[in-house]
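What the coordinates show
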2 protein chains.
Amino acid sequence: MDFSEADSVDAVVASFADTPDPRLREVMTSLVTHLHGFLRDSRPSLAEWETAIGFLTAIGQKCDEHRQEFILFSDVLGASMLVETMEAERQAGDATSSTVLGPFHVVASPERALGDSISLVDGGEPCLITGRVTAPDGTPVPGARIDVWQADEKGFYDVQVPDAQPLGNGRGLFAADDDGRYHFRSIVPAHYPIPTDGPVGQLLTATKRHPYRPAHVHFIVEAEGYVPVTTHVFVAGSPYLDSDAVFAVKQALVRDFAPVDDADTADRLGLPNPFRRAEFDVVLQPTG
Amino acid sequence: MDFSEADSVDAVVASFADTPDPRLREVMTSLVTHLHGFLRDSRPSLAEWETAIGFLTAIGQKCDEHRQEFILFSDVLGASMLVETMEAERQAGDATSSTVLGPFHVVASPERALGDSISLVDGGEPCLITGRVTAPDGTPVPGARIDVWQADEKGFYDVQVPDAQPLGNGRGLFAADDDGRYHFRSIVPAHYPIPTDGPVGQLLTATKRHPYRPAHVHFIVEAEGYVPVTTHVFVAGSPYLDSDAVFAVKQALVRDFAPVDDADTADRLGLPNPFRRAEFDVVLQPTG
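The rules behind these values
Residues numbered from 1 in each chain as written. Chains lettered and ligands numbered in written order. Predicted model: local features only at pLDDT ≥ 70, side-chain atom pairs only at ≥ 80, totals over all residues. Heavy atoms only, no water. Domains from an automatic or database assignment. Pairing = 2+ DSSP bridges. Helix = DSSP H or I, 4+ residues; strand = E, 2+ residues; numbered from the N terminus. Contact = heavy atoms within 4.5 Å. Buried area = accessible area lost by both parts, 1.4 Å probe. Salt bridge = Lys/Arg side-chain N within 4 Å of Asp/Glu carboxyl O. Polar contact = N/O pair within 3.5 Å; in protein donor to acceptor, adjacent residues only side chain to side chain. Nonpolar A, V, L, I, M, F, W, Y, C, P; charged D, E, K, R; others polar. Buried < 20%, exposed > 50% of the residue type's maximum accessible area, 1.4 Å probe, protein only. Least-squares fit on C-alpha atoms with pLDDT ≥ 70 in both.

Domain boundaries assigned for chain A yield domain 1 (1-43) and domain 2 (79-283). A C-alpha centroid distance of 40 Å is found between domain 1 of chain A and domain 2 of chain A.

Right, let's get into the sheet that holds strand β3 (residues 171-175) of chain A. Residue and element names in this part refer to chain A. Read across the open sheet, the five strands follow the order β3-β2-β7-β8-β9; overall the sheet is mixed. Two strands bound the open sheet, and with one partner strand each, they are β3 and β9 (254-255). As paired strands, strand β2 (residues 145-150) and strand β7 (residues 216-222) are joined by six bridges and run antiparallel to one another. Bridge pairing links Trp 149 to His 218 in β7.

What follows concerns the interface of chain A and chain B. Taken residue by residue, the interface counts 67 residues in chain A and 67 residues in chain B. A buried area of about 6200 Å², summed over both sides, lies between chain A and chain B, and 66% of it is on carbon and sulfur atoms. The interface formed by chain A and chain B contains four salt bridges. Here A:Glu89 and B:Arg43 are joined by a salt bridge, their closest N and O atoms 3.8 Å apart. The interface formed by chain A and chain B contains 26 residue pairs in polar contact (both at pLDDT 80 or more). Looking at the side of chain A that touches chain B element by element, the count peaks at 16 residues for helix α2 (residues 22-42) of chain A. The residue inventory of the side of chain A that touches chain B, partitioned by class, reads 32 nonpolar, 20 polar and 15 charged.

What follows deals with the environment of A:Pro199. Residue and element names in this part refer to chain A. Tracing the chain through its elements places Pro 199 in helix α6 (residues 199-206). The buried category is assigned to Pro 199, whose relative accessible area is 7%. It is 27 Å that separates the C-alpha atoms of Pro 199 and Ser 238, two residues lying 39 residues apart in sequence. Beyond its immediate sequence surroundings of up to four residues, Pro 199 is in contact with Phe 55, Ala 58, Ile 59, Lys 62 and Glu 69.

Here we come to the relation of the copies chain A and chain B. Overlay of chain A on chain B (RMSD 0.0 Å): rotation 180 degrees, translation along the axis 0.0 Å. The relationship between the two copies is best expressed as a two-fold rotation axis. Closest approach to the rotation axis among the C-alpha atoms of chain A is made by A:Gly60, whose C-alpha sits 2.0 Å away. When the interface residues of chain A are mapped onto chain B, 100% of them again lie at the interface, so the same face is used by both copies.

Dropping the structure here:
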């Protein structure tokens, strides 16, 4: 029997019937069903489908060691945030809210000692970020690994501007102390545009969407026996908190980066006075 | 308000509300709706979504001047055939059935004179392919352009085996004569596997799908004032006519490549005797 619009899903789903892994079979069945649904609904012409194929190809070809354009595409379509949200529902219990990984976790963060600065270059408003990692009942999580990365005060990550920042600038991997506490120095990050020099940027331009994300510091916090949390702390008052290009803002993750005038603390921690300070406690859910 | 599973489609669709081109807005709205539907239905974990992103990236990176892995992915998901089928419904009227373009139309077919052979290398079973291009009422279409390409008797296109075939082998661009007729010499094509050395091949292996396509010759036939037809002629009796890896078989496109014992004709056309012969008439629908 010839392939037809009415039977297309059945024909293609049947071709996946012998898939040994039941989860893969389930996912492919769902993909075919929804992909054909999209095509029947939007009814692309052959020329439009060719454009779509060319667009997806260009996204793949834009990727390299330091650039992940497919994550960016997933991000601007809200797909990353939806997957993240569903994972949190499934796993997180009373943990700190999670949000998207984003495309810039492409370099291993250098291990640093508590109190170190992750900002290795001049410029930017100095700040102190402190917090405590605990279980939902308040039990501290000593040795929790706290992986942080952020843009500089111009809104760029190290990998975007290799001439201006050494690799590892704005990144750090810390271990919480015996009481689950951590602190490190940095600069207040800036809001910034996601990279617009690729196919995703062309899509944003064509749809008159702005490319900006509100200022934030990325965190992945993990410890043996706990579900890892991938999240951000957002800077209160930053532009674009209401229209993040990747839909990642959660109100519970916004923190004041409050001005502090305290010469003793500044001196002890190696900060100029005054400086700014944010507190970000992280709650991890035990596994199982 | 935080992003949530229940409101994700609304939030992301709203971000496309200012898209100036109404067709692009419509397509993006449909894409977001169905993509989120797929994610809510299949509920990928973050790790699974990361695998999916890596898979799409690898597809894009496999593409080059002579390889189009995203078309192949669209083909094995039946997406290409569905788009083709919908386009034909919209445009084709009483024209010859269309089928998929496939990933091998990546080299311009060399212009050849009627009667030329498109097979430039030794091997294979010689054949004659003839036909007539007409409107639905039988009016001939003089000068119709007939672009053909095919695999050799081992199942390879020129671009796949540059050491064994010169570029242009198995390809030809012909102009129909004053009566709309064409003929050219070739070899009977073989059934063959689509390329399996990329991500799409990995998918087929993981899902225990075979990669084979039944033997066929690709055609694009076009003429001023008519809707172009992209199609194949399939070789009757070929394996895989019932399970084409890309769902492209239509019964109306299957033709006997019948043995002919006719020394005079063979001698006149430059063929050995006996040879095989297929007739494939093409009906084009006038535009508008």
